Amino acid sequence: MSSAATAPPSVDKVDGFSRKSVRKAKQKRAQSSSQFRSQDKPIELVQLPLLKDVSAQEQPELFLKKLQQCCTLFDFMDTLSDLKMKEYKRSTLNELVDYVTVSRGYLTEQTYPEVVKMVSYNIFRTLPPSDSNEFDPEEDEPTLEASWPHLQLVYEFFIRFLESQEFQPSIAKKYIDQKFVLQLLELFDSEDPRERDCLKTVLHRIYGKFLGLRAFIRKQINNIFLGFVYETEHFNGVAELLEILGSIINGFALPLKAEHKQFLVKVLLPLHSARSLSLFHAQLAYCIVQFLEKDPTLTEPVIRGLLKFWPKTCSQKEVMFLGELEEILDVIEPTQFVKIQEPLFKQISRCVSSPHFQVAERALYYWNNEYIMSLIEENSSVILPIMFASLYRISKEHWNPAISALIYNVLKAFMEMNSALFDELAATYKSDRQREKKKEKDREDLWRKLEELELRRGIQNSDGIIPT
Amino acid sequence: MAGAEGEDSLYPIAVLIDELRNEDVQLRLNSIKKLSTIALALGVERTRTELLPFLTDTIYDEDEVLLALAEQLGNFTMLVGGPEYVHCLLPPLESLATVEETVVRDKAVESLRKISQEHSPVDLEVHFEPLVKRLASGDWFTSRTSACGLFSVCYPRVSSTVKAEIRQHFRTLCSDDTPMFAKVLELDYVKSDIIPLFTALASDEQDSVRLLAVEACVSIATLLPQEDLETLVMPTLRQAAEDKSWRVRYMVADKFSELQKAVGPEITKNDLVPAFQNLLKDCEAEVRAAAANKVKEFCENLPEDSRENIIMTHVLPCVKELVSDTNQHVKSALASVIMGLSTILGKDNTVEHLLPLFLAQLKDECPEVRLNIISNLDCVNEVIGIRQLSQSLLPAIVELAEDAKWRVRLAIIEYMPLLAGQLGVEFFDEKLNSLCMAWLVDHVYAIREAATCNLMKLVEKFGAEWAQNTIVPKVLGMANDPNYLHRMTTLFCINALSEACGQEITTKHMLPVVLKMSNDQVANVRFNVAKSLQKIGPVIDSNALQTEVKPVLEKLATDQDMDVKYFAQEAISGM
C-alpha cells in the first residue's frame, strides 16, 4: 500500500477512488530464443567472394556454397559472441535475397533441396516458452525473437524464392512437403508479430502454388484451431491463420464441399467461444461473412451457432457478437431471415434489456440500419411480439437515459410500422405478464408433484435401486 | 415398478418435454439435471420408447446442458428397466461421444464405460462393440477419440475374434495423423501391443506427441515388472530427459516425482539423480522451474539409506546455483519448496547449509520469491525456530507490504496472523502494527477488506484489551476521514471486530461512532451504517438496542435513497 502517503489530501472530493496506475512502465527486456544451445567454441566461416564478382558459370556453385554457410546458427542471446561472423552471415543473406530477386537461370534442380534445407535449419525450432505464466496478448509486450536480424532475411529470401518467376512447384514439391508445412504451421504460435507476418506470406504462397498440399494445410489449420478452442486456449497465430483462410474461402468453388461446411460449423463457429476472441474477431467475422456470401443457405446454421456460443458473462464479447451479427444481417437474404428471426430476436430482445448499456446500445443500433429495418418491417407481426415486452419494461426502468431515449425511438418505429398490433400488445401487456406468472407457477407445481412422486417411489423401493 | 403405470400416465410426455425445451438455458439445465425424475414419472416403458428417442434427436444444445445429460444417462439403467434394456441408452450417448467439447465427450465416455459393465456379454457384442467400431471408424476426430476410451472396457469381456478386431482398430488409430488423437491413446492399453506403439510415439516427429509419451511412461513403468523396466522403458525415458524440445524436457521435470515412484529406488539412484541434476541446470528457464518445484518431493522420496548423502553431494550444489538464477520464475518455484528441505535435513544441516539460502532469498529482488519464503516459514519454525530469521524477515515484510502489486500485498496480509503468533506481541506492536493500519486505507478494496479480516484475527490472538488500546482508537478515528471509502472501512472493521471485542467495547466505543455516521452525506455510508447495526446488534446490550439503535434505523428507513431505505428495513426486521 502506498496511497496513504501519496494520495492527495483532497477534502471535498466525494469520489474516493484514487485512479493512479500502479503498473510501472515495464522495462523492455522481452527477447528470447530457443534456437541455440550454447556452443563452446567460436564459429569460423570462410569468407567467400561476392556472387557478382565471379563469372556466370561459377555462380551456381558459389550460390550453393553460400546456402550451406547460412545453415550455421548463432547464439543471439549472447550479444557479444561471434560478432564478425554474425555480420558476415547477415551480409551473405542480404546478398542471397538480392540474387534470387534479380538473377535468371540460377534455379537448377540441385538448388531446391539446398534452399529448403537452409530455410529449415534457420526457421524450424521449438518456440521458446512464454515469459510470463499468464501471457495476456492484449496487455503484455510480446517476446521478440532475438535472432530476428538473421531470421528476417531468411524469411525474405524464402519469400522471394517462392515468388521467383523461375520457381517450379513440380520440382519443389519433393522438398516442400507435408512435414515441412506442419513445422511451418507450428511456428505460427510465435509470440513475435513480425515473424507471424512473414509466415503468413510464406504460407499463402505455398497454398497458392502447391495444389497437392491444400487439403493438408486446411486440415492442419483445423487441428490447430480445435486444439486452441478445446484444449490449450493458447495459440498466438489465430488471427494470421484466419486472414489466410479468409482469402482461401473466397476462392472456394461452388457448390461448397461438405468438408468446407463442416469446417465452418465445427471449427469456425466454436472459435467464438475463445476467451481471447477480441484478438482475432475481425478476421473471424470476415471468414464467416465470406462463407455466407458464397452460400446463403448456411445462414441458419451460422446464426444458430452464434446463438449457441452467445457470451453469458462477458459484455465486451457480447458487443462483438452483435457487431458480427449486424455484418451477417447486412448480407442476409429475406428468405433466410424468416427462418431464423424467432430465435434471433429472442436473443436481441435479451441484449436490448441488458443492464450493460454498451450491449443494449449496440443492439438498439440495429434500428438505424436501413436494410435491417426493412426486414423487421416486413416481419413485424412476428418480431414485434417478441421484442415488445422487454422494450416496454426497459423503457421505464433502464438506468441509462441514453438507452431509454433509444428505446423510445424503437418503440415509436414499431408503432408506425404496425399500430394495430402495437396497441393490442400494449393493451394486453399486463395480462400477458400475469399469464407468464401463472405459467411459471404451473411449472413449479409440476415439479413439486414430480418430486413428491419420486419421494413416494423412493420409499416404496427403499432397497435403494433408484439412482439419485 | 409395475402397478404404478396408471399414475404415470398423469404426466403427458409433451409437458415434460416442454420442460426440457424451455427457452431459458438455466431452466433447461435444471430440467436435465432432474431427468431421472422425469423418467420416473413416465415409467420404464415410455422412457424407452418416447423419452430416449427425443433425447437422441435433440442433441444440439448448449454444451453445459449436454454435459448434464451425458452424466445423467450414466445412471439411467434402472430407469429404462434394468440391465436387460441398458442398450437403449447407447444411441444418445453415442451422439454425445462425438461432440467437439472435450468435457462433454469425456463425460459421455465415462457414462458409456459405466453402463458397459451392466451389459451382459451377449449384449456387449451385439450392441456395445458395434458402437465402439462405429466410433473408431468415424471420419471426424471426436468419435475416434472417444473410441479410444472404450477399448479397455469391452476388450476383457468379448470373444477372442472380437478381441483381435479391437486390437486391429487400436493399431490403426495409433497411426492416425491427428495429433489430438495420439494424446488420448496413452490412456488405454492393450498390454502386448503397447510397447512398440509407445516407443514409436516417443520418437514421433511432433513434440506434442513425444511429450505425452512421457506421461505414458509413468503408467507403463508402474505396470511392468522391475526387470523389464531397464530394457523397455528406460531408453525412452533417458532420451526424453535429453530431448531437443524444451517442452518434452519440461514434461519429464513435471512428472519427476511420479517417475521416481514408478521406477523404484535402484534406478532412481543410478539414473534419475544425474537426470534431475541436468534438469536443474537446463538451459531453458521453464524446465529449471519445473524441476525446482520438485526438489522437495524428490528428496523426500529418495531411499532413506542414501538420502542425506545424495542431497548434500548432488542436489544441494544445484539448488545453491538456482538461488541466484537469472529467471524469477525459477527462483520463486524454488522458494516455494526449499523450506521443506529443512525437515528432511535436520537442524544442523539447516543452520549450516540452508539458512544462508533462505536469507539470500528473503533479500531477492522479486517479491514472489520473498513471499514464497515467508509463506512457508512454519516448516523452518518447527526445525530451528523463527528467531534466527527475524532480523532478515522484517525488511522483507515491510517491502512486501508496500509492493506495487496488490496481489503481493494481499498475500502478505494473509500471513500476518501467523507471523504475529510466531514473533510475539511486543515485536508486533513495535514493527508491524503500523503496517496493518496502513493497509486499511489502501486504494484497492480487496486489500482493505483483507486488512479488516486481519485485524479480527489479530484480536482473536492478542485479546480484547490489546484491541482497545492499540487498534480501536485508530479505526474509530477514520470515521472522520474526508474520503468516504475510508469512513466505510471504519464500519467494515467494526463489523469484523465487534464479536471479538465483546459487548462492553462495542456498546461503549463503537456504537456511538456508528450512530453518528448515520448522518453521513454519502448514501453508501448510510446504508452501510444500517448493515453494520444489523451485524453488531447481537453483541450490543438490549437496552441500547431499543433506545439508541432503533430510532436511528427508523430514521434511515425514511431516507430518500432507495438502498438506504431497503437496508434499514432489513435491519429492523432482523432485530
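Each chain has its residues counted from 1, running along the sequence as written. Chains carry letters and ligands carry numbers; both start at the beginning, A for chains and 1 for ligands, and go up in the order they are written. Local features in a predicted model are, by the rule used here, given only for residues with pLDDT of at least 70; side-chain atom pairs are given and counted only at 80 or more, and totals for whole chains, interfaces and linings are based on all residues. Where side-chain values are given, they derive from all heavy atoms of the structure, hydrogens and water being excluded.

Some remarks on the overall build of chain A
Moving on, step 1. Put simply, DSSP H or I for four residues or longer makes a helix, DSSP E for two residues or longer makes a strand, and each gets a number counted from the N terminus. A tally of helices and strands in chain A yields 20 helices and 2 strands.
Moving on, step 2. For chain A, the proportion of its 468 residues judged to be buried stands at 51%.
Moving on, step 3. For chain A, the exposed area adds up to about 23,700 Å²; of that, 52% sits on carbon and sulfur atoms. Remark: exposure states derive from per-residue accessible area (1.4 Å probe, protein chains only) relative to the maximum for the residue type, with buried under 20%, exposed over 50%, and partly exposed in between. For the area figures, the Shrake-Rupley method with a 1.4 Å probe applies, and any residue is considered shielded solely by the protein chains shown.

Comments concerning the overall build of chain B
Moving on, step 1. Within chain B, the secondary structure is distributed over 34 helices and 0 strands.
Moving on, step 2. Scaling as 2.2 N^0.38, a compact globule of 575 residues should have a C-alpha radius of gyration of about 25 Å, whereas chain B reaches 32 Å, well beyond that.
Moving on, step 3. For chain B, the C-alpha atoms occupy an extent of roughly 85 × 80 × 35 Å along the three principal directions.
Moving on, step 4. Relative to its full complement of 575 residues, chain B shows a buried share of 58%.
Moving on, step 5. Per element, the accessible surface of chain B, about 24,100 Å² overall, is 51% carbon and sulfur.
Moving on, step 6. Here chain B contributes 55 positive and 84 negative side-chain charges, whose respective centroids are spaced 3 Å apart. Throughout, the radius of gyration refers to the C-alpha atoms, and the reference size of a globule is 2.2 Å times the residue count to the power 0.38. Charged residues are defined narrowly, with Lys and Arg counted positive, Asp and Glu counted negative, and His plus the chain ends left uncounted. Think of each charge as sitting on NZ of Lys, CZ of Arg, CG of Asp or CD of Glu.

Focus: the pattern of salt bridges
Residues and elements named next belong to chain A.
Moving on, step 1. Think of a salt bridge as a Lys or Arg side-chain nitrogen and an Asp or Glu carboxyl oxygen that are within 4 Å of each other. By the definition in use, this model includes 42 salt bridges over all chains.
Moving on, step 2. Salt-bridge contacts for glutamate 109 lead to lysine 174; the nearest nitrogen and oxygen are separated by 3.8 Å. With glutamate 109 in the loop between α3 (83–102) and α4 (111–123) and lysine 174 in the loop between α6 (169–172) and α7 (178–187), this residue pair connects regions lying 65 residues apart in the sequence.
Moving on, step 3. Since its relative accessible area comes to 48%, glutamate 109 is described here as partly exposed.
Moving on, step 4. Three or more residues joined by partner-sharing salt bridges are found here, namely Arg125, Glu145 and Glu195.

Describing the domain arrangement of chain B
Moving on, step 1. Looking at chain B, the domain boundaries give domain 1 (7–133) and domain 2 (285–401).
Moving on, step 2. The gap between the C-alpha centroids of domain 1 of chain B and domain 2 of chain B is 53 Å. Where each domain begins and ends follows an automated or database-derived domain assignment.

A word on the packing of helix α2 (residues 59–69) of chain A against α3 of chain A
Residues and elements named next belong to chain A.
Moving on, step 1. Orientation is described by lines fitted to C-alpha atoms, with helices fitted over the stretch in contact, and by angles between N-to-C directions that extend from 0 to 180 degrees. Packing of α2 against α3 leaves a shortest axis separation of 10 Å and a crossing angle of 135°. Classified by the angle their axes make, α2 and α3 are oblique. As for how α2 packs across α3, the hand of that crossing is left-handed. Contacts from Gln59, Phe63, Lys66, Leu67 and Gln69 in α2 reach Tyr88, Thr92, Glu95, Leu96, Tyr99 and Val100 in α3.
Moving on, step 2. Under the scheme applied, nonpolar residues are Ala, Val, Leu, Ile, Met, Phe, Trp, Tyr, Cys and Pro; charged residues are Asp, Glu, Lys and Arg; polar residues are all the others, including Gly. Broken down by class, the residue content of the contact of α2 with α3 amounts to 6 nonpolar, 3 polar and 2 charged. Here roughly perpendicular refers to angles of 65 to 115 degrees, roughly parallel to angles under 35, roughly antiparallel to angles over 145, and oblique to all remaining angles. Crossing handedness is read from the near helix: turned anticlockwise from the far helix by less than a right angle, it gives a left-handed crossing, and turned clockwise, a right-handed one. Residue contacts are counted whenever heavy atoms from the two residues lie within 4.5 Å of one another.

Re the packing of aromatic side chains
Moving on, step 1. Ring pairs are drawn from Phe, Tyr and Trp, using the six-membered ring of Trp, whenever the two centres fall within 6.5 Å, and their geometry is named by plane angle: stacked under 30 degrees, edge-to-face over 60, tilted for the rest. Counting across every chain of the model gives 29 aromatic pairs over all chains.
Moving on, step 2. Measuring from centroid to centroid gives 5.9 Å for phenylalanine 337 of chain A and phenylalanine 345 of chain A, while their planes differ by 75°, and the two rings are edge-to-face. You'll find phenylalanine 337 of chain A and phenylalanine 345 of chain A in the same group, each marked buried.
Moving on, step 3. With 5.1 Å between their ring centres and 75° between their planes, tyrosine 566 of chain B and phenylalanine 567 of chain B make a pair best called edge-to-face.
Moving on, step 4. By relative accessible area, which is 45% here, tyrosine 566 of chain B ends up partly exposed.
Moving on, step 5. Among the aromatic side chains, those forming a connected cluster through ring pairs are Tyr112, Phe124, Phe158, Phe161, Phe167, Phe180 and Phe210 of chain A.
Moving on, step 6. When the ring centre of tryptophan 447 of chain A is taken as reference, the NZ or CZ atom of lysine 34 of chain B above it lies at 4.3 Å. Sitting over a ring, as applied to charges here, requires NZ of Lys or CZ of Arg to be within 6 Å of the ring centre and within 35 degrees of the ring normal.

Some details on the packing of helix α11 (residues 258–271) of chain A against helix α13 (residues 299–308) of chain A
Residues and elements named next belong to chain A.
Moving on, step 1. In contact at an axis separation of 10 Å, α11 and α13 are set at 30° when each is read in the N-to-C sense. Considered as vectors, α11 and α13 are oriented roughly parallel to each other. The crossing of α11 and α13 is right-handed. Together, Leu264, Val265 and Leu269 of α11 and Pro301, Val302 and Gly305 of α13 make up the contact between the two elements.
Moving on, step 2. A class-by-class count of the residues in the contact of α11 with α13 yields 5 nonpolar, 1 polar and no charged.

Looking at the environment of glutamine 262 of chain A
Moving on, step 1. Relative to the helices and strands, glutamine 262 of chain A resides in helix α11.
Moving on, step 2. Remark: the alpha-carbon pair of glutamine 262 of chain A and isoleucine 176 of chain A, spanning 86 residues in sequence, is separated by 27 Å.
Moving on, step 3. Apart from residues lying up to four places away in sequence, glutamine 262 of chain A is in contact with Val267 of chain A together with Trp140 of chain B.

Thoughts on helix α18 (residues 285–293) of chain B
Residue and element names in this part refer to chain B.
Moving on, step 1. The element α18 is largely enclosed, with a buried count of 7 among its 9 residues.
Moving on, step 2. Restricting attention to buried positions, one finds in α18 the residues Ala285, Val287, Arg288, Ala289, Ala290, Ala291 and Ala292.
Moving on, step 3. In this fold, the buried residues of α18 make contact with α16 (246–254), α17 (256–280), α19 (295–300), α20 (304–323) and α21 (328–338).

Digging into the confidence of the model for chain A
Residues and elements named next belong to chain A.
Moving on, step 1. Residue-level confidence of the predictor is what pLDDT reports, using numbers from 0 through 100. Residues at a pLDDT of 70 or more form 87% of chain A, whose mean pLDDT is 84.
Moving on, step 2. Averaged over each element, pLDDT in chain A is lowest for helix α1 (residues 3–6) (41) and highest for helix α12 (residues 281–294) (95).
Moving on, step 3. Taken together, the stretch residues 1–30 has pLDDT below 50 and engages in 37 contacts with residues farther than four places along the chain or on a different chain.

Here we look at the environment of threonine 313 of chain A
Moving on, step 1. Assignment of secondary structure puts threonine 313 of chain A in the loop between α13 and α14 (315–331).
Moving on, step 2. Each C-alpha atom of the pair threonine 313 of chain A and leucine 455 of chain A lies 36 Å from the other, and the pair is 142 residues apart in sequence.

Re the confidence of the model for chain B
Residues and elements named next belong to chain B.
Moving on, step 1. Overall, the prediction assigns chain B a mean pLDDT of 83, with 93% of residues at 70 or greater.
Moving on, step 2. Across chain B, the secondary-structure element scoring lowest on mean pLDDT is helix α1 (residues 5–8), at 44, and the one scoring highest is α18, at 91.
Moving on, step 3. Within the model, pLDDT remains below 50 along residues 1–9, and this stretch shows 13 contacts once partners closer than five positions in the same chain are excluded.
Moving on, step 4. Confidence over residues 177–190 falls short of pLDDT 50; this stretch has 42 contacts with residues more than four positions distant or in other chains.
Moving on, step 5. Across the whole predicted complex the pTM is 0.72, and at the interface the ipTM reaches 0.70.

A look at unusual backbone geometry
Residue and element names in this part refer to chain A.
Moving on, step 1. Between leucine 254 and proline 255 the backbone carries a cis peptide bond, its omega angle lying at -5°.
Moving on, step 2. Phi at glutamate 233 is positive, roughly 55°, even though this residue is not glycine.
Moving on, step 3. Of note, glutamate 233 is situated in the loop between α9 (214–232) and α10 (238–250).
Moving on, step 4. By relative accessible area, glutamate 233 is classed as partly exposed at 41%.

Quick word on the nonpolar core
Moving on, step 1. The definition of a nonpolar core used throughout is a set of buried Ala, Val, Leu, Ile, Met, Phe, Trp, Tyr and Cys residues joined through side-chain atoms within 4.5 Å. Formed by 151 residues in total, the largest nonpolar core has its most connected members in Val295, Ile374 and Leu455 of chain B.
Moving on, step 2. No other element matches the 11 residues that α17 of chain B contributes to this core.
Moving on, step 3. Contact partners of isoleucine 374 of chain B, with chain neighbours within four places excluded, come to Leu362, Leu393, Ala396, Ile397, Leu400, Ile412 and Leu419 of chain B.
Moving on, step 4. If you look at the next biggest cluster of nonpolar residues, it comprises 147 residues, including Leu185, Leu213, Tyr230 and Ala413 of chain A.

Some words on the state of the cysteines
By definition, a disulfide links the sulfur atoms of two cysteines through a covalent bond.
Residues and elements named next belong to chain B.
Moving on, step 1. In plain terms, two cysteine sulfur atoms within 2.5 Å form what is called a disulfide here. Across all of its chains, the model carries 0 disulfides over all chains by this definition.
Moving on, step 2. With no disulfide of its own, cysteine 318 lies closest to cysteine 299 among cysteine sulfurs, the gap being 10 Å.
Moving on, step 3. With no disulfide of its own, cysteine 453 lies closest to cysteine 493 among cysteine sulfurs, the gap being 11 Å.

So, the environment of valine 267 of chain A
Moving on, step 1. Looking at where valine 267 of chain A falls in the secondary structure, it is placed in helix α11.
Moving on, step 2. Sequence separation of valine 267 of chain A and isoleucine 224 of chain A is 43 residues, and the distance between their C-alpha atoms is 9.9 Å.
Moving on, step 3. Setting aside anything within four residues of it in sequence, one finds valine 267 of chain A in contact with Asn222, Phe225, Leu226 and Gln262 of chain A together with Trp140 of chain B.

Digging into α20 of chain B
Moving on, step 1. Note on bend: the value at a residue is the angle between axes fitted to the seven residues ending there and to the seven starting there. Maximal helix bending in α20 of chain B amounts to about 50°, located at isoleucine 310 of chain B.
Moving on, step 2. Of the surrounding secondary structure, the elements contacted by the buried residues of α20 of chain B are α17, α18, α19, α21 and α22 (341–362) of chain B.

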